[in-house]
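Single-letter residue listing:
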Amino acid sequence: MVFGNKVKEKKKILKMIEIAPSILSADFTKLGEDIRAVETGGAGVLHVDVMDGKFVPNITIGLPVVKSIAKIAKIPIDCHLMIEEPSRYAVKFVEAGASMVSIHVEADVHLHRTLSAIREAGGKAGIAINPATSLNLLDEALPFADFILIMSVNPGFGGQKFIHTALEEVRKLRMMINERGLSTRIEIDGGIDVDNIAKVVEAGAEIIVAGSAVYGKGDASKAVSELLIEASVWV
Ligand code: DX5
Ligand code: ZN
């Protein structure tokens, strides 16, 4: 009976962990196929990195691509807006088919307004935060967000090295959320692979973004399954 309960409990926690492959590292000549592969591997969310060449030094994907992806994706689309003036575009990404939209705290001085607009449009609203930005900036905004995206690299490029201070940030944020009895989810993004995924899950992250660890290995489907297995070790 005790054993049975433990199994049940473990299953419940396992369900909460979602791998969010970042298509930034996918092969854009066969994007549909690459999306299908991660869905087969058990991905929970599809992470789409939107960059404007101003907030970050890179330009990537915009609304037309999200609209196309939305026609074929079976899992929710998570748009990470690394753009200036995100309030101008956030709702448009929900309308294009994103279920989750995150805006950077460093890019928007009207967080409440933008987060509310995302929610009103039917999306889950997230706040993304850079590695060197204080979590204190999230203090008042926390209840207005469905999830927080902790950056564990400086945004702009895939394939960078994990910044270790992000672990402590996840732990602190988990405490802030638990102490207030909120159900805000924690997403982490950058430099995550099979060697460190257990640590970020243990720290309290639930949605784990992985780009090069998924699409840089040849078999994206297998890579997602392996990440899921490693993530379950510590929960
Ligand atoms: C970086 C992006 C990430 C990136 C992650 O600015 O926000 O989502 O694609 O790629 P990896 O997992 O390779 O660090
Ligand atoms: Zn991202």
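Residues numbered from 1 in each chain as written. Chains lettered and ligands numbered in written order. Predicted model: local features only at pLDDT ≥ 70, side-chain atom pairs only at ≥ 80, totals over all residues. Heavy atoms only, no water.

*Asks:* Got a minute to help me understand helix H6 (residues 165-179) in this structure?
*Replies:* Residues three or four positions apart in an α-helix share a direction because the helix packs 3.6 residues into each turn. Here H6 contains 15 residues, and its C-alpha end-to-end distance of 21 Å stays within 8% of the 21 Å for a straight helix at 1.5 Å per residue. The inward-facing, buried residues of H6 contact strand S6 (147-151), strand S7 (185-189) and helix H7 (197-203). Within two residues after H6, Gly 181 carries a phi angle of roughly 65 degrees, on the positive side. (Helix = DSSP H or I, 4+ residues; strand = E, 2+ residues; numbered from the N terminus. Expected span 1.5 Å × (residues − 1). Contact = heavy atoms within 4.5 Å.)

*Asks:* Would you mind going over the coordination of the zinc ion (ligand 2) with me for this structure?
*Replies:* Tetrahedral coordination by four donors places them ideally at 109.5 degrees to one another around the metal; octahedral coordination by six donors ideally gives 90 or 180 degrees. At this site the zinc ion (ligand 2) is bound by His 47 (NE2), Asp 49 (OD), His 80 (ND1) and Asp 189 (OD), with donor distances of 2.0 to 2.3 Å. Bound by six donor atoms, the zinc ion (ligand 2) shows angles of 70 to 170 degrees at the metal and therefore octahedral coordination geometry. For the zinc ion (ligand 2), the donor residues sit on a single chain with the sequence spacing H-x1-D-x30-H-x108-D. With Asp 49 in strand S2 (residues 46-51) and Asp 189 in strand S7, the pair connects residues that are 140 residues apart, well separated along the chain. Here the two residues Asp 49 and Asp 189 agree in accessibility, since each one is buried. (Donors = N, O, S within 2.8 Å, 3.2 Å for Na, K, Ca; no water. Tetrahedral: all angles 85-135°; square planar, octahedral: opposite > 155°, others 65-115°. Buried < 20%, exposed > 50% of the residue type's maximum accessible area, 1.4 Å probe, protein only.)

*Asks:* So what exactly am I meant to see when it comes to the pattern of salt bridges here?
*Replies:* Oppositely charged side chains can pair when the atoms bearing their charge come close. In the structure shown here, the tally under the stated rule is 11 salt bridges. We note a salt bridge from Arg 185 to Glu 206, for which the minimum N-O separation is 3.4 Å. With Arg 185 in strand S7 and Glu 206 in the loop between H7 and strand S8 (207-210), the pair connects residues that are 21 residues apart, well separated along the chain. One continuous salt-bridge network, built from bridges that share partners, spans Glu 18, Arg 174, Arg 185 and Glu 206. (Salt bridge = Lys/Arg side-chain N within 4 Å of Asp/Glu carboxyl O.)

*Asks:* Is there a simple way to explain the packing of helix H2 (residues 31-41) against helix H9 (residues 220-232) in this structure?
*Replies:* The geometry of a pair of packed helices is captured by two quantities: the angle between their axes and the separation between those axes. Packing of H2 against H9 leaves a shortest axis separation of 7 Å and a crossing angle of 35 degrees. Considering only the axes of H2 and H9, their crossing is right-handed. Between H2, through Ala 37, Val 38, Thr 40 and Gly 41, and H9, the contact on the second element is made entirely by Ala 220, Ser 221, Val 224, Ser 225 and Leu 228. (Axes fitted to C-alpha atoms, helices over the stretch in contact; angles between N-to-C directions. Left-handed = near helix turned anticlockwise from the far one by under 90°.)

*Asks:* Hey, could you run me through the sheet that holds strand S1 (residues 18-21) in this one?
*Replies:* Backbone hydrogen bonds hold the strands of a sheet together, and the pairing may be parallel or antiparallel. What the eight strands build is an open sheet, ordered S1-S8-S7-S6-S5-S4-S3-S2; its pairing is parallel. Looking at the sheet topology across the chains shown, the edges are occupied by S1 and S2. Sheet twist, expressed as the mean angle between neighbouring strand axes with direction ignored, is 25 degrees. In terms of strand pairing, S7 meets S8 through three bridges, oriented parallel. Opposite Ile 188, over in S8, you have Ile 208 as the bridge partner. (Pairing = 2+ DSSP bridges.)

*Asks:* Explain the environment of Asp 34 here, please?
*Replies:* Relative to the elements of secondary structure, Asp 34 occurs in helix H2. According to the relative accessible area criterion, Asp 34 is buried, its value standing at 8%. A sequence separation of 181 residues divides Asp 34 from Tyr 215, and the C-alpha atoms of the two residues are 8.1 Å apart. Here Asp 34 is in contact with Ala 26, Asp 27 and Tyr 215, once residues within four sequence places are set aside. A polar side-chain atom of Asp 34 sits 2.8 Å from the main-chain amide nitrogen of Asp 27. (Polar contact = N/O pair within 3.5 Å; in protein donor to acceptor, adjacent residues only side chain to side chain.)

*Asks:* Please clarify how the side chain of Thr 184 should be interpreted in this entry.
*Replies:* With respect to the helices and strands, the residue Thr 184 is situated in the loop between H6 and S7. Residue Thr 184 is classed as buried on the basis of its relative accessible area, which comes to 4%. In contact with Thr 184, other than residues within four places in its own chain, are Leu 142, Ala 145, Asp 146, Phe 147, Ile 148, Arg 174, Ile 177 and Glu 206.

*Asks:* Just to check I follow, could you spell out the nonpolar core for this structure?
*Replies:* Within soluble globular proteins, side chains that are nonpolar tend to cluster in buried spots. Within the largest apolar cluster, 66 residues are counted, with the highest numbers of intra-cluster contacts made by Ile 23, Leu 173 and Ile 208. Of all the elements, H6 adds the most residues to this core, at six residues. Look past the residues within four positions of Ile 208 in its chain and what remains in contact with it is Ile 17, Glu 18, Ile 19, Ala 20, Ile 188, Ile 192, Ile 197, Val 200 and Val 201. By size, the runner-up hydrophobic cluster in this structure holds six residues, among which are Ala 20, Val 45, Phe 147 and Ile 207. (Core = buried A, V, L, I, M, F, W, Y, C linked by side-chain atoms within 4.5 Å.)

*Asks:* What's the story with the side chain of His 104 in this structure? I'm lost.
*Replies:* Residue placement: His 104 occurs in strand S4 (residues 100-104). Of note is the side chain of His 104, whose polar atom sits 2.9 Å from the side chain of Glu 106. Setting aside anything within four residues of it in sequence, one finds His 104 in contact with Phe 55, His 80, Leu 81, Met 82, Ala 128, Ile 129, Asn 130, Met 151 and Pro 155.

*Asks:* Is there a simple way to think about the packing of H2 against helix H3 (residues 63-72) in this case?
*Replies:* Contact geometry for H2 and H3: axes closest at 11 Å, N-to-C directions at 50 degrees. Considered as vectors, H2 and H3 are oriented oblique to each other. Here H2 and H3 pass one another in a crossing that is right-handed. Of the residues in H3, those in contact with Leu 31, Gly 32, Ile 35, Arg 36 and Glu 39 of H2 are Val 65, Ile 69 and Ile 72. (Parallel < 35°, antiparallel > 145°, perpendicular 65-115°, else oblique.)

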